[in-house]
Amino acid sequence: MTFVKNSSLSFRGIAGVFLFLFFWEILIRFLIQFDNLPAPSAILFSWFDLLTLKQYWEEIAHTLFAAMLGWTVASFAGIFLGLLLGLSKTFYKYTSTSIEVMRPWPGVAFAPIGLLLFGFSLKMELLVIILPALWPVLVNTMGGIVNIPKSLYEVVASLRLTNFAKIYKVFIPSAKASILVGLRISLSLSIIMAVVAEMIGSPNGIGYAIIREQQAMKPTNMFAYIFTIALINVFINYLLSKIVDRLSPGKPTSRLNQKVLVQ
Amino acid sequence: MMPIYLKSLYRVILGLLPIISLLMIWQLFSDGPSPHFPAPSYWLMALEQLWKNGQIQFAIKETFWIFGIGLILSTTLGFSLGIIIGVNRKFREWTTYSFESFRAIPPPVVIPIAVLLMGYSDSMKIVVIVFATIWPILLNVVSSIDNMHSGLVDMGKALHLSQKQLIFKVVIPSVIPNAIIGIRVTIPLAIVITLLTEMLTGSNGLGGIMIAGQRNYNSSQVYGVLVIVGILGLFINLASNYLEKYFTKSWPPKQQL
């Protein structure tokens, strides 16, 4: 879901961005003196400085690693639980309300618990990532399984497949499109939650760097880190939507983006 | 035969069994006020103390106040901006990429910017919430204007409606259901951002109390407030589900004959 209908580059759109940056620059240089709002050129220069630092790349790597690890765990757990919920009536009966109760629980609220249990560490970060990132995968897997047409169950029964073959060869492939949507939502959620966890309490990663630069009153560095995470966000989303489009049959999934975003 | 409400209550209780049994096991096997896993009865005691201090009531009020104002502002701003951008082709062409890049900024990192520019204040928190939650509504409005049935606009033109009439009588009514879906998406996001802002700025809201409890190693307080946050989140979610159903069902309004 984007503002532009066709994805071709729009000259005016790019010009608009440059105009915005230009006015920002003019405003800061000549019109008002803000101590804490740097001009875009100043941000760019300190960004160049950061690019040469080893620490900068380590921080990026840390955030990406935490997000990916959390996402992988959440995906496996989500698909597994979603399959159970979609396939087993009894399991659904005894857990559905619990899941409905747990789902709207804001993920950040677990950050203090994570700090209590694990201190300032990667484990705390993973807790804050995994808990919210689990739900989109779980719900979409369950939805995909529940929406499998009745006739497929008859096919499966007449082929006398084993339970494993049923799930692996029939149910998962037919719920694939829906599962992929869940995976995508939960990846962008994982990146955001990784940054959140680092902002609250992990002495590493981009989120921590942003807070550190803010407290050190170095707004140019802070903005550089913020633009970095925004770029990473865009890049990963683009990459994933390409992969998902390649994997999923039929129409591009980018339109399914509507019910996205953070919980 | 059981009456229908008893039946659904029975189903809800069945579904809650895992949580209930987990809490009971926790209560039975935990060794009192541990710094990591305090027993649930200690959570209640911590909450009782917060209640007596008047801290928790104040925190709930504070959190709700910021959350509500932020949500209302971001909804109105997002809706009106969405209409302007959706209707005005020129404006959209020029601002496309600027808005796209704003949207790419993960909402939580707006907090440090706002802290630097505005300091620790209520208006800072509200600005953060608005900036973080405006996008789903805005995008839903814009895309639903794009996907509007072309017959609607043609009909308006055939009736010689002015631009203003076209917007107020044709465009706005037709985008309302989609805008409500957008609002539905922003509500959980707004809760998260409110709590996070409170945690980072150490205010008296619910997030602030949790972080304070963690810093004092008062684990029962953290767990207790976590339960309160969960219950509030659940209720807000239920209410917004109900509102969404109500609005999408009764929209467009039935014609009176």
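Undergrad: I would appreciate a short explanation of the overall build of chain B in the present structure.
TA: What chain B contains, in helices and strands, is ten helices and zero strands. Listed by position from the N terminus, the elements making up chain B come as α-α-α-α-α-α-α-α-α-α. Taken against the 2.2 N^0.38 rule, which gives 18 Å for 257 residues, the C-alpha radius of gyration of chain B at 23 Å runs more than 25% over that of a compact globule. When the backbone C-alpha atoms are referred to their principal axes, chain B occupies close to 75 × 65 × 30 Å. Counting across all 257 residues of chain B, residues that qualify as buried make up 41%. Long-range contacts, defined here as pairs at least 24 residues apart, represent 71% of the contacts in chain B between residues at least 6 apart.

Undergrad: Please clarify how the overall build of chain A should be interpreted in this entry.
TA: When helices and strands are tallied, chain A shows eleven helices and zero strands. Secondary structure elements in chain A, listed N-terminal to C-terminal, are α-α-α-α-α-α-α-α-α-α-α. If you line up chain A on its principal axes, its C-alpha atoms span 75 × 50 × 30 Å. Put simply, chain A has 263 residues, and 40% of those count as buried. Within chain A, counting contacts between residues at least 6 apart in sequence, those at least 24 apart form 73% of the total.

Undergrad: Is there a simple way to explain helix 6 (residues 122-146) of chain B in this structure?
TA: What sets the pattern is the α-helix's 3.6 residues per turn: residues three or four places apart point alike. With 25 residues, helix 6 of chain B extends 36 Å between its outermost C-alpha atoms, agreeing within 8% with the 36 Å of an ideal straight helix rising 1.5 Å per residue. Most of helix 6 of chain B sits out of view: 20 of its 25 residues are buried.

Undergrad: What am I meant to see in the confidence of the model for chain A here?
TA: Predicted coordinates in regions of low pLDDT should not be interpreted in detail. Residue and element names in this part refer to chain A. Averaged over every residue, the pLDDT of chain A is 81; the share at 70 or more is 90%. Across chain A, element-level confidence peaks in helix 3 (residues 54-87) with a mean pLDDT of 91 and bottoms out in helix 4 (residues 89-102) with 81. Low pLDDT, under 50, characterises residues 252-263; the stretch is placed with 27 contacts to residues that sit more than four places away or in other chains.

Undergrad: Help me understand the interface of chain B and chain A in this model?
TA: Much of the literature gives interface size as the accessible area that the parts lose upon coming together. With 55 residues of chain B at the contact, the number on the chain A side is 52 residues. When residues in the side of chain B that touches chain A are grouped by element, the largest group, eleven residues, is from helix 4 (residues 89-104) of chain B. Residues of the side of chain B that touches chain A, tallied by class, amount to 38 nonpolar, 13 polar and four charged.

Reading guide: rules and limits
Residues numbered from 1 in each chain as written. Chains lettered and ligands numbered in written order. Predicted model: local features only at pLDDT ≥ 70, side-chain atom pairs only at ≥ 80, totals over all residues. Helix = DSSP H or I, 4+ residues; strand = E, 2+ residues; numbered from the N terminus. Rg over C-alpha atoms; globule rule 2.2 N^0.38 Å. Buried ≥ 20, exposed ≤ 12 C-beta atoms within 10 Å, placed from the backbone. Contact = placed C-beta atoms within 7 Å. Expected span 1.5 Å × (residues − 1). pLDDT = per-residue confidence, 0-100. Nonpolar A, V, L, I, M, F, W, Y, C, P; charged D, E, K, R; others polar.

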